[in-house]
Amino acid sequence: MGTYVVSGSASGMGRAAAERLCTAGHVVIGVDIKDADVVADLSIRTGRREAVDAILHRCGGVLDGAVLAAGLGPIAGRDKMIAEVNYFGVTDLLIGLRQAFARSGRAKIVVVASNSTTVTPLVPRRAVRALLTGDGERALRAVRVFGKRSAPMIYAASKIALSRWVRRHAVTPAWAGAGIRLNAIAPGAVMTPLLAEQLANPDEAKAIGAFPVPIGDFGTAAHLADWMLFMLSDAADFLCGSIIFVDGGSDAYFRADSWPARLPAMMLPHYAARFLGYRRFMRDRR
Ligand code: NAD
């Protein structure tokens, strides 16, 4: 049996994943702003640092995996909190806990992204780039032009940046080379308190009701938790740097031909450089 961290363990998908892990006999260290083993505010740097210290203390420096689900929905007026919790609240935990994951030798991590990454139009590239360079304030400035619609933009930007962070790091010697399997799940609309809060606003409810979900219904926290448990299991040993869309078909509905994407000519120099760098990559692994 293993020891797992679950952020966002007090509600929704994080809670469902934590319950399943406990039922399977694992030790779960829940992290949340309320009702958790480690109560911490992931929207501020000191809160994230305290969370890392408390988790390391509780697990004795070794972790078998994590589900990082703490996050906020695209609610107006919370732009800064969205960027802080959804992006830095995950990446700072990953950075702070990496060595504990490496010590287990075969840790598996599920980061909760979103299908907003591919179905939200016009997300400013500058916001995504700013988050990836650690500049939350610049990311917020980049979405300000959207006025009242800035929350969905910073939300999608936070999840795009997070997905890229996962893909960039998952394949490096420090992660894949240390036996860590780092992947993300991209849910569509899932019936949790987060979605319920959005549905409580009549305009939002109308927009969400009109949004295409080809299977015709919202997902459930229980269903998404089943996928997360699968991604933490031995069956996922070969899964590395993947973003798994579990969204009732919305992404495929809008963008059937966008993925898998063929490699365009302009990418060939990058591809060649990566190819040639692989020997060094394998050397660094050892
Ligand atoms: P939820 O609101 O039920 O759970 C989110 C949890 O995060 C809550 O327990 C909350 O207390 C915690 N949290 C929020 N701010 C925090 C902070 N500052 N510090 C510590 N914990 C904090 O929502 P959910 O739907 O289960 O969301 C889980 C994840 O899934 C989120 O990252 C969300 O962005 C993502 N997501 C949700 C949906 C959806 O439709 N529900 C769709 C795509 C992605």
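Note that the coordinates shown come from a computational prediction; the quantities given were computed from them, not determined experimentally. (Residues numbered from 1 in each chain as written. Predicted model: local features only at pLDDT ≥ 70, side-chain atom pairs only at ≥ 80, totals over all residues. Heavy atoms only, no water.)

Caption draft 1: The arrangement of the site of the ligand in detail. Around the ligand, 29 residues are found, and the nearest of them are Ser11, Met13, Asp32, Val190 and Thr192. At a separation of 2.8 Å, an oxygen atom of the ligand approaches a polar backbone atom of valine 190. Within the complex, 94% of the 820 Å² of free accessible area of the ligand lies under protein. Contributing elements (two or more residues each) for the shell around the ligand: helix 1 (12-23), helix 7 (150-170) and helix 8 (193-199). When its residues are assigned to classes, the shell around the ligand shows 17 nonpolar, eight polar and four charged. (Near = heavy atom within 4 Å. Polar contact = N/O pair within 3.5 Å; in protein donor to acceptor, adjacent residues only side chain to side chain. Areas by Shrake-Rupley, 256 points an atom, 1.4 Å probe, with all protein chains shown as cover. Helix = DSSP H or I, 4+ residues; strand = E, 2+ residues; numbered from the N terminus. Nonpolar A, V, L, I, M, F, W, Y, C, P; charged D, E, K, R; others polar.)

Caption draft 2: A look at the packing of helix 2 (residues 45-59) against helix 3 (residues 79-104). Two elements in contact, helix 2 and helix 3, have axes separated by 10 Å at closest approach and are oriented at 35°. Like other packed secondary-structure pairs, helix 2 and helix 3 cross with a definite hand, here right-handed. Each of Arg48, Ala51, Val52, Ile55 and Leu56 in helix 2 lies in contact with helix 3, whose residues at this interface are Glu84, Phe88, Gly89, Asp92, Leu93, Gly96, Leu97 and Ala100. Looking at the contact of helix 2 with helix 3 residue by residue, the class counts come to eight nonpolar, two polar and three charged. (Axes fitted to C-alpha atoms, helices over the stretch in contact; angles between N-to-C directions. Left-handed = near helix turned anticlockwise from the far one by under 90°. Contact = heavy atoms within 4.5 Å.)

Caption draft 3: How the structure looks around the packing of aromatic side chains. In the structure shown here, the tally under the stated rule is six aromatic pairs. Among the aromatic residues, those joined into a ring-pair cluster are Phe211, Tyr253 and Phe254. (Phe/Tyr/Trp six-rings, centres within 6.5 Å; stacked < 30°, edge-to-face > 60°.)

Caption draft 4: Region of interest: the sheet that holds strand 3 (residues 38-39). Taken together, seven strands build an open sheet; the order of strands is 3-2-1-4-5-6-9 and the sheet is parallel. Each of the sheet's edge strands pairs with one partner strand only, and the pair in question is strand 3 and strand 9 (243-246). Here helix 3 sits on the sheet and contacts strand 1 (3-7), strand 4 (65-68), strand 5 (108-112) and strand 6 (181-187); the angle it forms with strand 4, its principal contact strand, is near 175°. On the sheet, helix 7 packs against strand 5, strand 6 and strand 9 and is oriented at approximately 155° with respect to strand 6. (Pairing = 2+ DSSP bridges.)

Caption draft 5: A look at the side chain of lysine 159. Secondary-structure assignment places lysine 159 in helix 7. As a buried residue without a salt bridge, lysine 159 has its nearest oppositely charged side chain in aspartate 32, at a separation of 13 Å. A polar contact of 3.0 Å, which involves the side chain of lysine 159, links it to the backbone oxygen of valine 112. (Buried < 20%, exposed > 50% of the residue type's maximum accessible area, 1.4 Å probe, protein only. Lys, Arg positive; Asp, Glu negative; His and termini not counted. Salt bridge = Lys/Arg side-chain N within 4 Å of Asp/Glu carboxyl O.)

Caption draft 6: Layout of the nonpolar core. In this structure, Leu63, Leu94, Phe101, Ile109, Val111 and Leu182 are the most contacted members of the largest nonpolar core, which totals 54 residues. Sorting elements by how many residues they give to this core places helix 7 first, with twelve residues. Those residues in contact with leucine 63 that sit more than four places away from it in its chain are Thr3, Val5, Ile29, Ile55, Leu97, Ala100, Phe101, Ser104 and Ala107. Met13, Ala18, Ala221 and Ala225 belong to the second largest nonpolar core, which has 22 residues in total. (Core = buried A, V, L, I, M, F, W, Y, C linked by side-chain atoms within 4.5 Å.)

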